[in-house]
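# Survey of secondary and tertiary structure
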Amino acid sequence: MVDWTLARQVARFAAGNGAAPALESPDFESRVGATERVLSDYTGLSAVEPIPAPETVSRGDWAELNVRSMADMLEPVTERLGKRFTGAGAFAGPLRIAAGATVAAEIGLVVGYMAQRVLGQYELSLLETDRPARLLFVEPNLARAIRDLDVDPDSFLSWIVLHELTHVLQFSGVPWLRGHMGSLMRSYLATVEVRIQRGGAGGVPSLPSPARLVELFREGGLVALVQTREQRAIMERVQSAMSVIEGYSEHVMDAVGATVLPAYEGLRDAMERRRRSRSAPERVLQRLLGFEMKMRQYEQGKQFCDAVVSAHGIAVLNRVWESPDALPSAAELRRPDTWVERIGELPAAA
């Protein structure tokens with residue numbers, strides 16, 4: 001249904017590289033080796049499988065890899081979309097091609113835009129569990145961030161490694177986490193019902209009223225436009241879990257970074273400046289694509305983790321990894337003490 005070759009081409013073009021700066025002696029392998037022990041000591045998590053060898057990639061390489069991941073994730077949806085055209089008679093072929101190219105171009109543009117910003121990624125398929133994980137660092141973006149933020153290169157690179165390696169320990173050291181997140185994603189994708197309504201062009205979906213657009217837009221960007229009540233319930237669970245996963249990594253990179261990085265001071269302020277330094281058009285684009293929701297995950301999740309550790313210590317926070325039932329709800333993320341109270345009533349894992 002979707003022309004994924006076109007999507008990869010568009011993503012590479014949108015990602016760009018231009019005269020991208022290069023890193024001087026990043027040596028990510030040594031940084032990972034030096035970081036694993038101190039992270040395990042603080043978090044109590046240990047990787048049960050070998051940590052993937054760190055890879056330095058270009059924006060285009062990162063974009064193409066993530067388009068492939070999206071193709072796997074969206075396969076159930078695109079199959080249902082393709083079936084919608086089977087009853088279109090003589091127009092089925094042209095409509096399928098046009099719709100497939102449109103979806104491909106949109107996905108390529110979104111992934112290409114993301115490729116210009118991402119610094120590192122623990123690339124792990126939640127649905128294709130037989131695919132090996134990868135630990136990626138986007139060299140031109142890291143080099144540009146170091147230059148623009150005017151930070152110490154050595155400490156900044158090690159700080160980013162702290163974040164990504166924490167994700168490795170989470171998904172490798174918590175036996176149920178990958179399967180749980182994969183199950184939530186499958187449940188969500190199974191509810192996506194593709195509708196092609198007959199609009200002015202014959203096969204173009206009709207948009208809701210402007211008032212409805214504004215209402216849904218405020219709730220979570222264009223992503224909210226396609227969510228039913230059932231989907232929103234599942235997505236709330238996904239977002240709550242992701243807030244903890246991301247917020248925990250944000251907490252750990254600060255807590256550990258402050259003790260092991262020689263030039264840690266100022267790194268968090270610099271990162272927050274980077275996340276908020278957007279032009280007006282770029283902020284609008286991020287809102288449309290739902291990226292503000294991602295930023296709220298970082299912020300709310302970190303606030304939750306910081307609050308729990310400050311009041312009760314890291315051992316209490318680590319109870320989030322005991323079982324899916326131990327994950328905080330959206331309401332508990334906003335009120336950490338209610339989670340602490342509830343978790344105290346659950347039997348501790350052996």
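Quick note: structure is the one above.
Residues numbered from 1 in each chain as written. Predicted model: local features only at pLDDT ≥ 70, side-chain atom pairs only at ≥ 80, totals over all residues. Heavy atoms only, no water.

### So, the overall build of the protein chain
A count of helical and extended segments in the protein chain gives 16 helices and three strands. Relative to its 350 residues, the protein chain shows a buried fraction of 47%. Long-range contacts, defined as pairs at least 24 residues apart, comprise 78% of the intrachain contacts of the protein chain with a sequence gap of at least 6. With an accessible surface of roughly 17,600 Å², the protein chain has 54% of that area assigned to carbon and sulfur atoms. (Helix = DSSP H or I, 4+ residues; strand = E, 2+ residues; numbered from the N terminus. Buried < 20%, exposed > 50% of the residue type's maximum accessible area, 1.4 Å probe, protein only. Contact = heavy atoms within 4.5 Å. Areas by Shrake-Rupley, 256 points an atom, 1.4 Å probe, with all protein chains shown as cover.)

### Describing the sheet that holds strand β1 (residues 54-57)
Taking strand neighbours across the sheet as the criterion, the three strands line up as β1-β3-β2 in an open arrangement whose pairing is mixed. The strands lining the two open edges of the sheet, one partner per strand, are β1 and β2 (120-123). Sheet twist, expressed as the average angle between the axes of neighbouring strands with direction ignored, equals 25°. Sitting on the sheet, helix α6 (residues 139-149) touches β1 and β3 (134-138), and the angle it makes with β3 is about 45°. (Pairing = 2+ DSSP bridges. Axes fitted to C-alpha atoms, helices over the stretch in contact; angles between N-to-C directions.)

### Considerations on the packing of aromatic side chains
If you walk through the whole model with that rule in mind, you get five aromatic pairs. Centre to centre, the rings of F156 and W159 are 6.4 Å apart; their planes meet at 50°, and the pair counts as tilted. Of this pair, F156 and W159 both sit in helix α7 (residues 153-173), separated by three residues, roughly a single helical turn. Relative to W339, the ring of F304 has its centre 5.4 Å away and its plane inclined at 70°; by these criteria the two rings are edge-to-face. (Phe/Tyr/Trp six-rings, centres within 6.5 Å; stacked < 30°, edge-to-face > 60°.)

### Digging into the nonpolar core
If you look at the biggest cluster of nonpolar residues, it comprises 85 residues, and the most contacted ones within it are L142, F156, W159, M181, L317 and W321. In this structure, F156 is in contact with L119, L142, A145, I146, L149, V151, L267 and M271, ignoring residues within four places of it in sequence. (Core = buried A, V, L, I, M, F, W, Y, C linked by side-chain atoms within 4.5 Å.)

### Here's the deal with the pattern of salt bridges
One pass over the structure, following the stated rule, counts 13 salt bridges. Residue R268 is joined to D254 by a salt bridge in which the shortest nitrogen-to-oxygen separation is 2.9 Å. Taken together, the positions of R268 in helix α11 (residues 267-276) and D254 in helix α10 (residues 229-260) put the pair 14 residues apart, joining distant regions of the chain. Taken as a pair, R268 and D254 share a single burial class, namely buried. Note that K302 is salt-bridged to D254, the shortest N-O span being 3.3 Å. Here K302 is found in helix α13 (residues 291-312), whereas its partner D254 is found in helix α10, with 48 residues between them in sequence. Neither residue differs from the other here; K302 and D254 are each classed as buried. One salt-bridge network, in which partners are shared between bridges, spans E250, D254, R268, K302 and D306. (Salt bridge = Lys/Arg side-chain N within 4 Å of Asp/Glu carboxyl O.)

### Observations concerning the environment of S172
For S172, the location among the structural elements is in helix α7. Taking the C-alpha atoms as reference, S172 lies 5.9 Å from V48; in sequence the two are 124 residues apart. Setting aside chain neighbours within four positions, we find S172 in contact with S46, A47, V48 and E49. In terms of polar contacts, S172 uses its side chain to reach the backbone amide nitrogen of E49, at 3.4 Å. (Polar contact = N/O pair within 3.5 Å; in protein donor to acceptor, adjacent residues only side chain to side chain.)

### As for the packing of helix α2 (residues 28-43) against α7
Where α2 meets α7, the closest approach of the two axes is 9 Å, and the angle between their N-to-C directions is 55°. Accordingly, the angle class assigned to the pair α2 and α7 is oblique. Two packed elements cross with a definite hand, and for α2 against α7 that hand is right-handed. Between α2 and α7, the contacting residues are F28, R31, V32, T35, E36, L39, S40 and T43 on the first element and D154, L157, S158, V161, L162, L165, T166 and L169 on the second. The residue inventory of the contact of α2 with α7, partitioned by class, reads eight nonpolar, five polar and three charged. (Parallel < 35°, antiparallel > 145°, perpendicular 65-115°, else oblique. Left-handed = near helix turned anticlockwise from the far one by under 90°. Nonpolar A, V, L, I, M, F, W, Y, C, P; charged D, E, K, R; others polar.)

### Quick notes on the environment of L135
Locating L135 in the fold gives a position in strand β3. Taking the C-alpha atoms as reference, L135 lies 8.4 Å from V168; in sequence the two are 33 residues apart. What L135 contacts, discounting residues up to four positions off in sequence, is V32, I51, P52, A53, P54, E55, Q121, Y122, E164 and V168.

### Some thoughts on the packing of helix α8 (residues 177-191) against α10
Orientation of α8 relative to α10, taken along the N-to-C sense of each, is 155°, at an axis distance of 9 Å. The orientation of α8 with respect to α10, classified from their angle, is roughly antiparallel. In this structure, the crossing between α8 and α10 has a hand that is left-handed. On α10, the residues touching L177, H180, M181, L184, M185, S187, Y188 and T191 of α8 are E230, Q231, I234, M235, R237, V238, A241, M242 and I245. Here the contact of α8 with α10 is built from residues that sort into eleven nonpolar, four polar and two charged.

### Looking at the side chain of N141
Along the chain, N141 turns up in helix α6. When its relative accessible area of 0% is taken as the criterion, N141 is described as buried. Reaching out from N141, the side chain makes a polar contact with the backbone oxygen of V118 at a distance of 2.7 Å. Residues in contact with N141, not counting those within four places in the same chain, are R59, A115, Q116, R117, V118 and L119.

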